Amino acid sequence: MAAMNGLHRTSAAAGVLTASRNLDDVWLKLSEGLNTVYNGQLADMNKERYMSLYTEVYNYCACVNTSADQHHEHRSMQSHGADLVGMEMYRKLENYIRNHVVAKKEAMGSFRGEELLIRYHEEWVNFRFSSQVMNGIFQYLNRHWIKRELDEGNNEIYVTFTLALMVWRQSLFMQLKDYVTDALLDLIQRERDGIKISTTIIKGVIESYVDLGIDEYEPSAQNTAITGNANSRDKLRVYKEHFEDRFIKKTEEYYSAEASNFLQNGSVVEYMKKVEKRLDEEQNRCGNYINEATQIPLAKALEKVLIQSRLELFQNEFGGLLEQHKDEDLARMYKLCERVDRGLDELRIALERHIAKEGHAEIDKVTEQAFNDPKLYVSTILYVHQRYSKLVGEAFVNEPGFLQSLDKAATNFINKNSVTLKAEKHAASKSSELLARHCDGLLRKSAKLPEEEELEKMLDDVMIVFKYIEDKDVFSKHYTKMFSKRLIYDQSASEDAEVSLINKLKQNCGFEYTSKLTKMITDMQLSKDLCGKFRSHCSDTGKDLGVDLNILVLTSGTWPTMPPLQVQLPEKLNGCLEEFKAFYNQKHNGRKLNWILSQSRGEVAANCFKPKKYLFTLTTAQIALVDQFNRSEEFEFSALLSSLGMDKATLSQVVNSLVKGLLLKHSTEAENGEYANDTTISLNKAYTNKKVKVDLSKMAMRVDVSKEADSVQKNVDEDRKAVINACIVRVLKMRRRIVHNDLIAEVIQQLSSRFKPKVDMIKRCIGQLMEKEYMKRDANQRVSYFVLHLLNEQTGVSISSYFSKLLLLIAKFIRFCPYQTHFIFNCVNLPNE
Amino acid sequence: MSREYESSKHEDVAMGDESTSRSENCPQPNANRPFTLKKWNAAATWCWDVDCDTCAICRVHLMEECLRCQAETSSECVCVWGECNHSFHNCCMAAWIKMNPRCPLCQQEWVVQRIGK
Ligand SMILES: [Zn+2]
Ligand SMILES: [Zn+2]
Ligand SMILES: [Zn+2]
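Conventions and cut-offs
- Residues numbered from 1 in each chain as written.
- Chains lettered and ligands numbered in written order.
- Predicted model: local features only at pLDDT ≥ 70, side-chain atom pairs only at ≥ 80, totals over all residues.
- Heavy atoms only, no water.
- UniProt positions renumbered as here; feature names shortened; annotations may be inferred.
- Donors = N, O, S within 2.8 Å, 3.2 Å for Na, K, Ca; no water.
- Tetrahedral: all angles 85-135°; square planar, octahedral: opposite > 155°, others 65-115°.
- Buried < 20%, exposed > 50% of the residue type's maximum accessible area, 1.4 Å probe, protein only.
- Helix = DSSP H or I, 4+ residues; strand = E, 2+ residues; numbered from the N terminus.
- Pairing = 2+ DSSP bridges.
- Contact = heavy atoms within 4.5 Å.
- Phe/Tyr/Trp six-rings, centres within 6.5 Å; stacked < 30°, edge-to-face > 60°.
- Lys NZ or Arg CZ within 6 Å of the ring centre and 35° of its normal.
- pLDDT = per-residue confidence, 0-100.
- Axes fitted to C-alpha atoms, helices over the stretch in contact; angles between N-to-C directions.
- Parallel < 35°, antiparallel > 145°, perpendicular 65-115°, else oblique.
- Left-handed = near helix turned anticlockwise from the far one by under 90°.
- Nonpolar A, V, L, I, M, F, W, Y, C, P; charged D, E, K, R; others polar.

An unreviewed UniProt entry annotates chain B as RING-type domain-containing protein of Diploscapter pachys. Recorded under Sequence similarities (unreviewed entry), the UniProt text for chain B is reproduced unchanged: "Belongs to the RING-box family." Note on chain B: under the UniProt heading Pathway (unreviewed entry), the record states "Protein modification; protein ubiquitination."

Chain A is annotated in an unreviewed UniProt entry as Cullin-1 from Diploscapter pachys.

Okay, here's the thing in structure tokens:
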């Protein structure tokens, strides 16, 4: 092509004959210079010689330009003239280089393997350097004639250095490339086999592949070999095509075979170590003497043959490693499988299955004891959880998918296991109950109180289990019940610890979840203040109650419901209550006090059991009973019944508790929990105990755990309805109109931190709220609801029911022209201030 | 919770040795009365003294805060009684009478009888 072009222009070149004739002389000198440059005699190329060669090119090109100017006024002629002489010099140069390169090719063409590489490398390094010198000599041609050709869009002309590379590529590289690449790959394989090789040659040869990535068709790429700022994809074209593709293919073959061989005898664990080592080696190899751009495809190829195609093998081994607690190997497996697409999926599933299995197995071991030992139950759960949260943290770097596996498995074995199943109808709340009882154990006064820090750690552990409890409202019920007992019976070990746990619950489930617990603490403080004031009131007014009186005033609705107790109090106690009531009504307005005698206790001194004096802690019913014995030493049961005003069953229970406590004697046993009317109850004057302070109140208050669970369960559904109602109203208040299914979804979402509301129950609640006129099906959009009754944002005040009935009438009337409904409702929802 | 569990200090100590100031105020047992109450921890609940325990305006239990107070977690939400003996949250009623000076339940003119405290 280029030659044709040259011929084409000869006819227009009459005026440059002189210059042309000059060229032969000039070229004689230049080719001598090029001989020096290309034939390894650069030592002879001193500065003067170099400058004189440069000047030859300069003079020739510049002179042509000048003579063209003198003889031809026409601009196009001038440029044609210059075209011609430039072209001729360019062609001569190209010819020279080609001859040189072809000779080199002939010289090394018969060699193969490492010998070929050594020669290719040496020649390439020399050629490249020589061509840079050559490029300097022809700089004037580069800057003028070639530049103009390039500017004019001639894409068959190159800067002289690029020209040299191009010729090398065409006349040498393309002929020998397959042999050179073969030799490269052989050498690399030898290194993989563990034989030491010289990497400088490989590195140099591979660099030549990159340098040859000049693009002959893109003008912008023509200077790249010199300036090096072309985009790297073009630049790596030759490298990728003639080396990388084959290299990757060869790598896959090599490692695929290696893996198969290894796995015939080697264990999976050994295999993983091997893979780890190989991945490292290859990464270094690539960094050391192969182009960095190959890192990614190389890693992909290795992952494909070493990991992806062996995934099943890993998955089969995973369970065994879990069983054997091989955390290091598990970490290794994680790191390998993490590298490939979907490599972790099966492992996550297997981990979840394994943790759940382990959880159940550990709990199965202790089912019988743990059923009534909250501490054992919780510590068993924590043992499993800690084991696997450590594993997930250390071996699986807390990867979210593995964390999720842990969470799912923990939720599974914590909420439903052999212990909960043993609770039969209370299965769903058994875990909540045991966890709450465990908290009670931690927070209750006891002989060996843990240190503050230790306790804090234990409370954090509680929260770990709590997080997985599905019915958190049930936990709250059990917890509140026990908390209230701790408060009322003054059995809480530390207020700080109580508050700390409440705060943790609040952080987990929000303010509403713990608001009652907080209010209970407030009630305790207010009561304490009030008692102080009452005492000083008594001493100020000179009243002696004759007893050390402490009264708790609890806000009803905030505390769990407590059983009532009907009993005729001793005179003195009645007096105390009346006195306090009068005082309380002075302080407050519009309040009604209800005594909960079942929750009241006292201390009674006894001097009838010689020789010691005892101090008994008794329930109020027990106090009322022993007070009777201040009048006489024995009674018929019927007499006690009438003077205490209690029902037979309750009194029988109270009497029995003191008989068991050895304070009283009965003439006959109670039958079916009740005494016969003529049973004689008498004081046991022979009572003796090595302790002087005896607590008999617990005998009367022995709690039936399963009865307790019954009462909790009964209230759960009622309370859930209330919570769902409140939630529906809250959603409606915010959204005004909402499609039925969206409303249900929103409610489930909002309540999910506390329990999983059943869709049926939500639907029923919606129905009830509609009956109560809180909301209504919209007249326009049949599936949406409308807050009819409720609030307006400014005042927070509702439209009262009579008003809403009026609205309903309007709405019914308006059904004939439904598009007006919205308007009216909007008006109604904005009562004027 | 912060009440002292006073007598726990006297474990295994003979009664005669007891010498806290408070128990001195209490009458000592004598031969005629073998049992003497020294200390009583009683519990009571309080609620508003109302006929109907739900606020007809916001339809929340009067012992709980009205809806607005629940939303704002504000301080005190007390009960108010009218001369007609109907009762509501005081906050609810305060907002109500701005638009209607009558009791929402019986339509009598609203006159405050007392405010809870
Ligand atoms: Zn209200
Ligand atoms: Zn309020
Ligand atoms: Zn009224």
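Glancing now at the coordination of the zinc ion (ligand 3). Residue and element names in this part refer to chain B. Distances from the zinc ion (ligand 3) to its protein donors, Cys84 (SG), His86 (ND1), Cys103 (SG) and Cys106 (SG), fall at 1.9 to 2.3 Å. One can describe the site at the zinc ion (ligand 3) as tetrahedral: its four donor atoms subtend angles covering 107 to 112 degrees at the metal. All donors to the zinc ion (ligand 3) come from one chain, and their sequence spacing reads C-x1-H-x16-C-x2-C.

The side chains of a regular strand alternate between both faces of the sheet. The element strand S1 (residues 35-48) of chain B is largely enclosed, with a buried count of 13 among its 14 residues. In the sheet, strand S1 (residues 548-555) of chain A pairs with S1(B) via eight bridges, with the strands oriented parallel. If you follow Leu549(A) over to S1(B), its bridge partner there is Trp40(B). Strand direction decides the pairing type here: strand S2 (residues 591-595) of chain A and S1(B), joined by five bridges, are antiparallel. If you follow Arg591(A) over to S1(B), its bridge partner there is Trp48(B). Pairing of strand S3 (residues 601-606) of chain A with S1(B) involves six bridges; the strand directions are antiparallel.

With that settled, the discussion passes to the environment of Leu187(A). Residues and elements named next belong to chain A. When you line up the elements, leucine 187 lands in helix H7 (residues 160-192). On the accessibility criterion, leucine 187 (2% relative accessible area) is buried. Here the alpha-carbon distance between leucine 187 and arginine 348, two residues 161 residues apart in the chain, equals 42 Å. In contact with leucine 187, other than residues within four places in its own chain, are Glu114, Leu117, Ile197, Ser198 and Ile202.

This part takes up the packing of aromatic side chains. When we look at a pair of aromatic rings, we describe it by the centre distance and by the angle of the planes. Residues and elements named next belong to chain A. Overall, the coordinates contain 36 aromatic pairs over all chains when judged by the stated rule. Centre to centre, the rings of tyrosine 334 and phenylalanine 402 are 5.6 Å apart; their planes meet at 75 degrees, and the pair counts as edge-to-face. On the criterion of sequence distance, the pair formed by tyrosine 334 in helix H15 (residues 327-337) and phenylalanine 402 in helix H19 (residues 400-415) is long-range, its members being 68 residues apart. Taken as a pair, tyrosine 334 and phenylalanine 402 share a single burial class, namely buried. Pairwise contacts between aromatic rings join Tyr38, Tyr96, Tyr120, Trp124, Phe127 and Trp168 into one cluster. Over the aromatic face of tyrosine 388 sits the side chain of arginine 387, whose NZ or CZ is 4.8 Å from the ring centroid.

The next thing to look at is unusual backbone geometry. Residue and element names in this part refer to chain A. Positioned with a positive phi, arginine 342 is a non-glycine residue whose angle comes to about 60 degrees. The topology assignment puts arginine 342 in the loop between H15 and helix H16 (345-365). The residue leucine 662 is not glycine, and still its phi comes out positive at about 70 degrees. Among the secondary structure elements, leucine 662 is positioned in the loop between helix H29 (648-660) and strand S6 (664-666).

Right, let's get into the UniProt feature "domain: Cullin family profile" (unreviewed entry) in chain A. Using the residue numbers shown here, the UniProt feature "domain: Cullin family profile" (unreviewed entry) corresponds to residues 430-659 of chain A. Between the C-alpha atoms that bound residues 430-659 of chain A there is a distance of 34 Å. The span itself is 60% helix and 12% strand.

Below, the discussion takes up the confidence of the model for chain A. All names here are of chain A. Chain-level statistics for chain A give a pLDDT mean of 83 and a share of 84% at 70 or above. Here residues 67-78 scores under 50 on pLDDT; set against residues more than four positions off or in separate chains, the count is five contacts. In this model, residues 787-802 is a region of pLDDT below 50 whose contacts with residues beyond four sequence positions or in other chains number 68 contacts.

The next subject is the packing of helix H18 (residues 374-394) of chain A against H19(A). Residue and element names in this part refer to chain A. Close contact between H18 and H19 brings their axes to 10 Å; oriented N to C, the two are set at 165 degrees. Considering the angle they form, H18 stands roughly antiparallel to H19. The two elements H18 and H19 cross, and the hand of that crossing is right-handed. Taking contact as the criterion, the partners of Tyr377, Ile381, Val384, His385, Tyr388, Ser389 and Val392 in H18 are, on H19, Phe402, Leu403, Leu406, Ala410, Phe413 and Ile414. Of the residues belonging to the contact of H18 with H19, the class tally is 11 nonpolar, two polar and no charged.

With that settled, consider the packing of helix H5 (residues 113-137) of chain A against H7(A). All names here are of chain A. Between H5 and H7, the least distance of the axes is 9 Å, while the angle of their chain directions is 155 degrees. One finds that H5 runs roughly antiparallel with respect to H7. Regarding H5 and H7, the two cross each other, and that crossing is left-handed. Its residues placed into classes, the contact of H5 with H7 shows 17 nonpolar, five polar and four charged.

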